[in-house]
Amino acid sequence: MPEGPQMVFLKEQAEQFVGQTVLLAEGSAKHVPNNRLQGQVLTEIKTYGKEFLFCFSSFAICIHLMLFGKYAINSRLDRELRLGLEFETGEINFYACDCRLIEKELSEVYDWSTDVMSTLFDKAKALEKLHTKPERQISDAILDQSILAGVGNGIKNEVLYRRQIHPESMVGAIPEVELLKLVNECVKLSFEYLTWIREGTAKQHWQVYQKKECPRDFIPLQKGKTGKQLRSSYYCDRCQRLFLPDVL
Ligand SMILES: [Zn+2]
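Residues numbered from 1 in each chain as written. Predicted model: local features only at pLDDT ≥ 70, side-chain atom pairs only at ≥ 80, totals over all residues. Heavy atoms only, no water.

Looking at an unreviewed UniProt entry, one finds the protein chain named Formamidopyrimidine-DNA glycosylase catalytic domain-containing protein, with Pontibacter korlensis as its source organism. Database annotation for the protein chain, UniProt heading Catalytic activity (unreviewed entry): "Hydrolysis of DNA containing ring-opened 7-methylguanine residues, releasing 2,6-diamino-4-hydroxy-5-(N-methyl)formamidopyrimidine." (UniProt positions renumbered as here; feature names shortened; annotations may be inferred.)

Asker: Looking at this structure, how should I read the coordination of the zinc ion?
Answerer: Around the zinc ion, the protein contributes the donor atoms Cys214 (SG), Asp217 (OD), Cys236 (SG) and Cys239 (SG), which lie 1.9 to 2.3 Å from the metal centre. Around the zinc ion sit 4 donor atoms; with metal-centred angles ranging over 105 to 115 degrees, the donor geometry is tetrahedral. Mapped onto the sequence, the residues coordinating the zinc ion show the spacing C-x2-D-x18-C-x2-C. Residue cysteine 214 is found in the loop between helix H8 (202–205) and strand S9 (222–226), and its partner cysteine 236 is found in the segment after strand S10 (231–235); the two are separated by 22 residues along the sequence. (Donors = N, O, S within 2.8 Å, 3.2 Å for Na, K, Ca; no water. Tetrahedral: all angles 85-135°; square planar, octahedral: opposite > 155°, others 65-115°. Helix = DSSP H or I, 4+ residues; strand = E, 2+ residues; numbered from the N terminus.)

Asker: Hey, could you run me through a nonpolar patch on the surface in this one?
Answerer: Taken together, Met1, Met66, Leu67 and Phe68 make up a surface patch of nonpolar side chains, about 430 Å² in accessible area. Exposure remark for phenylalanine 68: the relative accessible area of 62% places this residue in the exposed category. (Patch = residues over 30% accessible without salt bridge, like charges linked within 9 Å, V, L, I, M, F, W, Y side chains within 5 Å. Areas by Shrake-Rupley, 256 points an atom, 1.4 Å probe, with all protein chains shown as cover. Salt bridge = Lys/Arg side-chain N within 4 Å of Asp/Glu carboxyl O. Buried < 20%, exposed > 50% of the residue type's maximum accessible area, 1.4 Å probe, protein only.)

Asker: Would you mind showing me how to read the sheet that holds strand S3 (residues 51–55) here?
Answerer: Strands belonging to one sheet form pairs held by backbone hydrogen bonds; the direction of such a pair is parallel or antiparallel. Reading across the sheet, the 4 strands line up as S2-S3-S4-S8 and stay open at both edges, with antiparallel pairing between neighbours. In this open sheet, the two strands that pair with only one neighbour each are strand S2 (44–48) and strand S8 (98–102). This sheet shows a mean twist of 20 degrees between the axes of neighbouring strands, independent of strand direction. In this sheet, strand S4 (residues 60–64) lies alongside S3 in antiparallel orientation, the contact comprising 5 bridges. From the neighbouring strand, glutamate 51 faces S4, where its bridge partner is histidine 64. Its contacts with the sheet place helix H1 (residues 4–14) against S2 and S3, and it is angled at close to 175 degrees to S2. (Pairing = 2+ DSSP bridges. Axes fitted to C-alpha atoms, helices over the stretch in contact; angles between N-to-C directions. Contact = heavy atoms within 4.5 Å.)

Asker: Quick question: what am I supposed to make of the environment of leucine 120 here?
Answerer: Relative to the helices and strands, leucine 120 is located in the loop between helix H3 (106–109) and helix H4 (123–131). Exposure remark for leucine 120: the relative accessible area of 54% places this residue in the exposed category. Discounting residues that sit within four places of it in the chain, leucine 120 has contacts with Trp112 and Ser113.

Asker: Teacher, can you tell me more about the pattern of salt bridges here?
Answerer: Pairs can form between side chains of opposite charge whenever their charged atoms are close. The tally for this structure, following the rule as stated, stands at 14 salt bridges. Lysine 46 serves as the salt-bridge partner of glutamate 44, at 3.7 Å between the closest nitrogen and oxygen. Judged by its relative accessible area of 37%, glutamate 44 is partly exposed. For arginine 76, the salt bridge goes to glutamate 91, with nearest N and O atoms at 3.1 Å. Taken together, the residues span a long stretch of sequence, with arginine 76 in the loop between strand S5 (70–73) and strand S6 (81–86) and glutamate 91 in strand S7 (residues 91–95) at a distance of 15 residues. Of the residues examined, arginine 76 reaches a relative accessible area of 46% and is grouped as partly exposed.

Have a look at this one:
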């Protein structure tokens, strides 16, 4: 599943069309009227977490690649087109994604201070929100897009491993200083991940996600579904500490 850094990378690729007019809009996206798009000038591209936003003068189109979404720039894939935009110098096509029309001001829809890749990201606010549900497992909390927008399952596994925190730790039992370091690591890793995507080296940089052995201890990693969301976690029982409340 694409995470925040993939969306920022897509933005970099698509920015060539900013300032150009949509010559043709096509595709099966139900909530995006193609006739509304034709003739409009693309004014800006933004991202919010895992969402990609084409901005026009009076509305925006939000695209979420979900689990299996794909895109192609100046080429086409052999599958059902969900949304295709043809500009003066090329085209961008989306498949198996969720598309929606946003007519409100984007600032009313999105809180950019929760996006880990935004310059407006507010880590104090992220910590505050983590504390509102102290009983939650950290592996669920870290994927909460209203707290750390853009963090997906790959980043989750890697930051927990880097900070040596077991995914089933309870948020309220993790010391404040460790939670802060974890939030900082989400930001740091997201930007490192973006660099790896640009280089085409992302997979070789993962330490535990979809791996079999702990690079610190050289013992088999545990793999299992954790939290209420039952998302895959890869972790080491030896070097990732399980924080649970003290029982008297
Ligand atoms: Zn280990």
